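# Structure assessment
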Amino acid sequence: MRTENDEIRDNLKYLTLLSRDYPSQAAAASEIISTQALLKLPKGTEHFMSDLHGENEAFVHILNSASGVIREKVDIVLGDSVPEQTRAELATLIYYPNEKLPQLKAECADEEALDHWYTETLLQLIDICRLVSSKHTREHVRSCLPSSCGYILDELLHAHFEDHDKDLYYGQIVGSIIENGRADHFIVRLCELIKHLAVDKLHIVGDLFDRGPRPDLILDRLMTHHNVDFQWGNHDVVWMGAAAGSALCCCTVLKTTLAYHNHGMIEDFYGINLRHLLRMAEQYYGNEDLTIWMPHTDATRGPYTDGMLHRCAVMHKAITILMLKLECEVIDRNPDFKMQDRDFLRRINWEKGTVMVGGREYPLRDTSFPTVDPADPTALNSDEKVVLQKLVQSFRQSEKLQQHVEFLYAKGSVYHIENGNLLYHGAVPMTSRGTFAMERFEGRYYSGRALMDYCDARARRGYYAPEGSAARQSGQDFLWYLWCGRLSPLFGRSAMTTFERLYVADPATHEEVKDPYYTWYNDEAACRRILAEFGLPGTSHIVNGHVPVQEKNGESPIKGGGRLVVIDGGFCRAYHEKTGIAGDTLVYSSRTMSRRTHQPFESAEKAVNENLDILSQKNILETENHRILVEETDEGEILLVAALDSSDGQHRLRIAVQDSGRPLLAEERDALLNAELQSRDFLSATRLGGRLGLIIARQLVRLMGGEFGIQGSGNQGTTLWLTLPLDAARLEQPETDLDSPLQG
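Structural notes, computed from the coordinates.

What counts, and at which threshold
Residues numbered from 1 in each chain as written. Predicted model: local features only at pLDDT ≥ 70, side-chain atom pairs only at ≥ 80, totals over all residues. Heavy atoms only, no water. Helix = DSSP H or I, 4+ residues; strand = E, 2+ residues; numbered from the N terminus. Buried < 20%, exposed > 50% of the residue type's maximum accessible area, 1.4 Å probe, protein only. Contact = heavy atoms within 4.5 Å. Pairing = 2+ DSSP bridges. Salt bridge = Lys/Arg side-chain N within 4 Å of Asp/Glu carboxyl O. Core = buried A, V, L, I, M, F, W, Y, C linked by side-chain atoms within 4.5 Å.

We now examine the overall build of the chain. Scanning the chain for helices and strands turns up 29 helices and 21 strands. Buried residues in the chain amount to 53% of all 744 residues. For the chain, the share of sequence-separated contacts (at least 6 apart) that also reach a separation of at least 24 residues comes to 69%.

Shown next as structure tokens:
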């Protein structure tokens, strides 16, 4: 029977290392107690948003209000005894402190009234802040405090009142703040702190860009957020391609913005120079009938003069012709895309003024193509070449755009798994039989998770592969495919019928057939198969965006027996009439997962002036049978121990990693320890449940003559350990010393 001394002897190296940071029993016990206490805290609140489509004002309001979470906290703290108007004003102050504060101060009749309002407001904000900080450790709250007033706020939030009167204590500090002219500063900082602590993690499930006026402001705001991730949408990747230098993606982005008269954002805020495009467009198309090229406009963003509309329409036509030419080139370069039927400039009968679409001949709505040579319809003339060169250069040199796209790459991916939720924007392509659709790219076949992983990797190539390399061009072409390709997980439709909508009157040609996924995601078994494909149990959830839910027609956003939630209710103004709502979001707290359905948001100005919140309806999707704790999330504590071991005369480096999450099942441990994985299978090894890195590490360890093992830790997670042999002749310090670099 093993004794305690045996355990100590076997782990002496680890204990020696730990003794550096915890030199006494009391220090070690204190750290253990602190860690265990942290793990027993409730999980932080996660906020899910999707399909923002450049609607910055609605986005900022929903971000500020945390989809109603902030107002719920205000109501909890103030209670029904405080009038509705007062609670609404306080909530608006938290949402927009810099804008609302001057208004509320102006309502005070004199200095005495202002001091009274300051005192009452500061005390209310402190109580709300104490409530939202209750999920967090004091250390974390301190890290969120602004340096200019952190000490005082820390004292206000964490004071204990066993030995002194709370009102008197608070009154003295608040009175001093007011007396020294710092009340405004503290109110603003408390409002920002409440919003920070109320939501631990923000997930954006795709499509920041599209027809809305200011996606740049959305990204500016997100770059300052404390914890955010993205799942790319098809509108996002085409902007990523434009920033990377894809001429086709540049044209596609401009075509969309010109179609909705949003090119002012391109010019004014990203600094993209459209002067050469306008000059060329006026030269070739300025005297034509531009009826079908007139932009869609929003009366609330007008007025629009005839000259403004003409300039937009003429550039719209010019950039569309350029886009159609470049599409043919990319389709020719990439037969794997299976888009050979989309080279429409080659399918036009120039004499008859018709085009072949889907095997049928249709008359063209516009038969003027002055820059197209019928003998070689995809060739660019000299003016078009200059315009393209200038546009690509302008996109590449836009400092703000490059910052935004680098942020999207750094924080984004095709899909994301966190705390039992699988997040993706579009679809996991499927067949009509409900199996995962198989697609061939670069000589390999991919489906399901492997297809998603491949798409992610190739999308990164387009931006990060060396300049001028074939890999970079291949990646940029693929970013365009992700925008509109038939089996693109970010698009999920048979075709992007841009050409047909412009040039063909028959609405039957405009249809974009949805991937069979959008039929199968109503089936619970299919959703469970998707979850299993990504290594998740059937009790997990899929959070999906992309396709607006037509609630006014009775469509439910809850699919697959509750396994899948669609949260694209239509932030975009153009979808409001179609969907009957103005966007929906998801909130996942330690107690519930709830969907928040929002009604149209008028403006930030009205919200501030009239305390108008977005009218939202809260629907509880799932209530946990116990409060979820940190130790049950993906952020559960991880313990890493490393030491040198020379106990048997052989020098080895020993490393052990222990987590506090769900313990691995026996079959999972067996797969990780024994599965053989060849390099050509890296992207298709879906059965390994997302632990490809461990398989690679295990193989590397064994190739270096080491050992790799996995040990269950009861109900408290899993321990992974490895040993690596070290060359004694090259060891400068054979004793346990991890501060020195290892050699050999």
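Okay, back to it.
On to the pairing of strand 8 (residues 415-418), then. By the bridge criterion, four bridges tie strand 8 to strand 9 (residues 421-424) in an arrangement that is antiparallel. The residue of strand 9 that forms the bridge with Tyr 415 is Tyr 424. Where strand 8 hands over to strand 9, the hairpin turn is made up of two residues, of which Asn 419 adopts a positive phi near 50°.

A few words on the pattern of salt bridges. One pass over the full model with this rule turns up 36 salt bridges. Residues Arg 87 and Glu 84 are paired through a salt bridge, measuring 3.9 Å at the closest nitrogen-oxygen approach. Residue Arg 87 and its partner Glu 84 are both found in helix 6 (residues 84-95); the two are separated by three residues, about one turn of the helix. Among the charged side chains, a salt-bridge network with shared partners connects Arg 71, Asp 75, Glu 84 and Arg 87.

Further remarks concern the nonpolar core. Membership of the largest hydrophobic core comes to 173 residues, with the highest contact counts inside it found for Ile 204, Leu 208, Leu 222, Tyr 424, Trp 480, Tyr 503 and Tyr 517. A total of 13 residues in this core trace back to one element, the largest contributor, which is helix 18 (residues 306-333). In this structure, Phe 48, Val 205, Ile 567 and Leu 586 belong to the second largest nonpolar core, which totals ten residues.

Next up on the list: the sheet that holds strand 12 (residues 541-544). Where strands meet in a sheet, backbone hydrogen bonds hold them as pairs that are either parallel or antiparallel. Read from one edge to the other, the open sheet built from five strands follows the order 8-9-12-14-13, with strand pairing classed as mixed. Only two strands of the sheet have a single neighbouring strand rather than two, namely strand 8 and strand 13 (558-559).

Turning to the pairing of strand 1 (residues 46-49), a few remarks are in order. Residues Glu 46 and Phe 48 of strand 1 are buried on one face, and the alternating residues His 47 and Met 49, pointing to the opposite face, are buried as well. As judged from the four bridges shared by strand 1 and strand 2 (residues 201-204), these two strands associate in the parallel manner. The residue bridging Phe 48 from the neighbouring strand is His 203, located in strand 2. By the bridge criterion, three bridges tie strand 1 to strand 15 (residues 584-588) in an arrangement that is antiparallel. Across the sheet, the residue bridging to Phe 48 is Leu 586, located in strand 15.

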